[in-house]
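Here is how the chains run, residue by residue.
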Amino acid sequence: MSWVLHAAEENPAKSERAEGEKAAEKKEMGGEEICCKAGDQTPPLELVKKIPPGGLHSPYQDWAKLAKEEELVKQFRLPGCNECHGGGGGGGFCPALSQGVWFWGNTDDVLFRLVTLGSADLEKQGFTRIQYGTVHAGMPMMGHTIKTADHLWKIIAFIRSINPPGTIPPEKVIPGRMHALGETPPG
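Residues numbered from 1 in each chain as written. Predicted model: local features only at pLDDT ≥ 70, side-chain atom pairs only at ≥ 80, totals over all residues. Heavy atoms only, no water.

S.K.: Explanation requested: the nonpolar core in the structure shown.
M.R.: The nonpolar side chains of a soluble globular protein tend to be buried, and buried together. Among the nonpolar cores identified, the biggest contains 35 residues, and Leu47, Leu56, Trp104, Phe112, Leu152, Trp153 and Ile155 are the most heavily contacted of them. Broken down by secondary-structure element, the contributors of at least two residues to this core are α2 (44-50), α3 (63-69), α4 (72-77), α6 (108-124) and α7 (149-162). Broken down by element, this core gets its largest block of residues, 8 residues, from α7. The contacts of Ile155, once residues within four sequence positions are left out, are Gln75, Phe76, Pro79, Cys81 and Ile146. (Core = buried A, V, L, I, M, F, W, Y, C linked by side-chain atoms within 4.5 Å. Buried < 20%, exposed > 50% of the residue type's maximum accessible area, 1.4 Å probe, protein only. Helix = DSSP H or I, 4+ residues; strand = E, 2+ residues; numbered from the N terminus. Contact = heavy atoms within 4.5 Å.)

Spelled out as structure tokens, the structure:
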């Protein structure tokens, strides 16, 4: 299961999560693939509205190969990510993306939604911030700046190329956490 939910059984976010998991299961079982494909020109804001939490999966799972084939750092710099996170993702006045510190989780789905919606809207959708680093400022919404899902998936592939899961102990997959809409997040 890729999501931890902090809510009662009747939580609407739980049903959305279940739909996302069913879509992923359907994909694994050879059913219709819902999301996501290389070259997808769908705007990120449209995709996060259409695909339930847990249902966004990068088409670039071999990010190390992609990083060798394309200059992913250009994809990262184009929408201005470098202005806050540094030219190579090593940090600026916002957190370094190379240190294995994940405030909201590190799954494809969480990263795509965080960059697209920004932290304030991600929290409004029921996600819970897991931790704070030295920077307490929020992530701005970039879904209007990054024009296609494919571009955002390449940015996420770049982040993975400088911070592969499992390389910085005790780094591991950190699922997103959700709380019931209207409830105060735990912590």
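S.K.: When you look at the side chain of Thr107 in this model, what are you seeing that I'm missing?
M.R.: By the element assignment, Thr107 lies in the loop between α5 (81-85) and α6. A relative accessible area of 13% means that Thr107 is categorised as buried. A polar atom in the side chain of Thr107 sits 3.2 Å from the backbone nitrogen of Val110. (Polar contact = N/O pair within 3.5 Å; in protein donor to acceptor, adjacent residues only side chain to side chain.)

S.K.: I would appreciate a short explanation of the pattern of salt bridges in the present structure.
M.R.: One side chain can pair with another of opposite charge once the charged atoms of both are near each other. Counted under the stated rule, the structure contains 4 salt bridges. For Asp109, the salt bridge identified is with Arg113, shortest N-O distance 2.8 Å. Remark: Arg113 and Asp109 occur in helix α6; sequence separation between them is 4 residues, near one turn of the helix. Taking relative accessible area as the criterion, Asp109 reaches 3% and is therefore assigned buried. Across the salt bridge formed by Lys124 and Asp121, the nearest N and O atoms sit 3.5 Å from each other. Residue Lys124 and its partner Asp121 are both found in helix α6; the two are separated by 3 residues, about one turn of the helix. By relative accessible area, which is 27% here, Asp121 ends up partly exposed. (Salt bridge = Lys/Arg side-chain N within 4 Å of Asp/Glu carboxyl O.)

S.K.: Help me understand α6, please; the structure alone is not making it clear to me.
M.R.: For an α-helix the count is 3.6 residues per turn, leaving residues at separations of three or four pointing the same way. Counted at 1.5 Å a residue, the expected span for α6 with its 17 residues is 24 Å, but the 19 Å between its end C-alpha atoms falls short. Along α6, the helix axis deviates most sharply at Gly118, where the bend reaches about 110°. A positive phi of about 105° marks Gly126, the residue just after α6. (Expected span 1.5 Å × (residues − 1). Bend = angle between axes of the 7 residues up to and from the residue.)

S.K.: Help me understand the packing of α6 against α7 in this model?
M.R.: Between two packed helices, both the angle of their axes relative to each other and the distance between the axes serve to describe the pair. As a packed pair, α6 and α7 sit with axes 10 Å apart at the nearest point and diverge in direction by 115°. Note on packing geometry: the crossing formed by α6 with α7 is right-handed. Together, Asp108, Leu111, Phe112, Val115 and Thr116 of α6 and Ala149, Leu152, Trp153, Ile156 and Arg160 of α7 make up the contact between the two elements. Here the residues of the contact of α6 with α7 sort into 7 nonpolar, 1 polar and 2 charged. (Axes fitted to C-alpha atoms, helices over the stretch in contact; angles between N-to-C directions. Left-handed = near helix turned anticlockwise from the far one by under 90°. Nonpolar A, V, L, I, M, F, W, Y, C, P; charged D, E, K, R; others polar.)

S.K.: In this structure, what is going on with the packing of aromatic side chains? I would like to understand it.
M.R.: Two measures describe an aromatic ring pair: the distance that separates the ring centres and the angle between the ring planes. The final tally for this structure, using the stated rule, is 1 aromatic pair. Plain terms: the ring middles of Phe112 and Trp153 are 4.6 Å apart, the flat faces sit at 35° to each other, and that makes the pair tilted. You can see Phe112 sitting in helix α6 and its partner Trp153 sitting in helix α7, a full 41 residues away along the chain. Looking at Trp153, the relative accessible area reads 0%, which means it is buried. (Phe/Tyr/Trp six-rings, centres within 6.5 Å; stacked < 30°, edge-to-face > 60°.)

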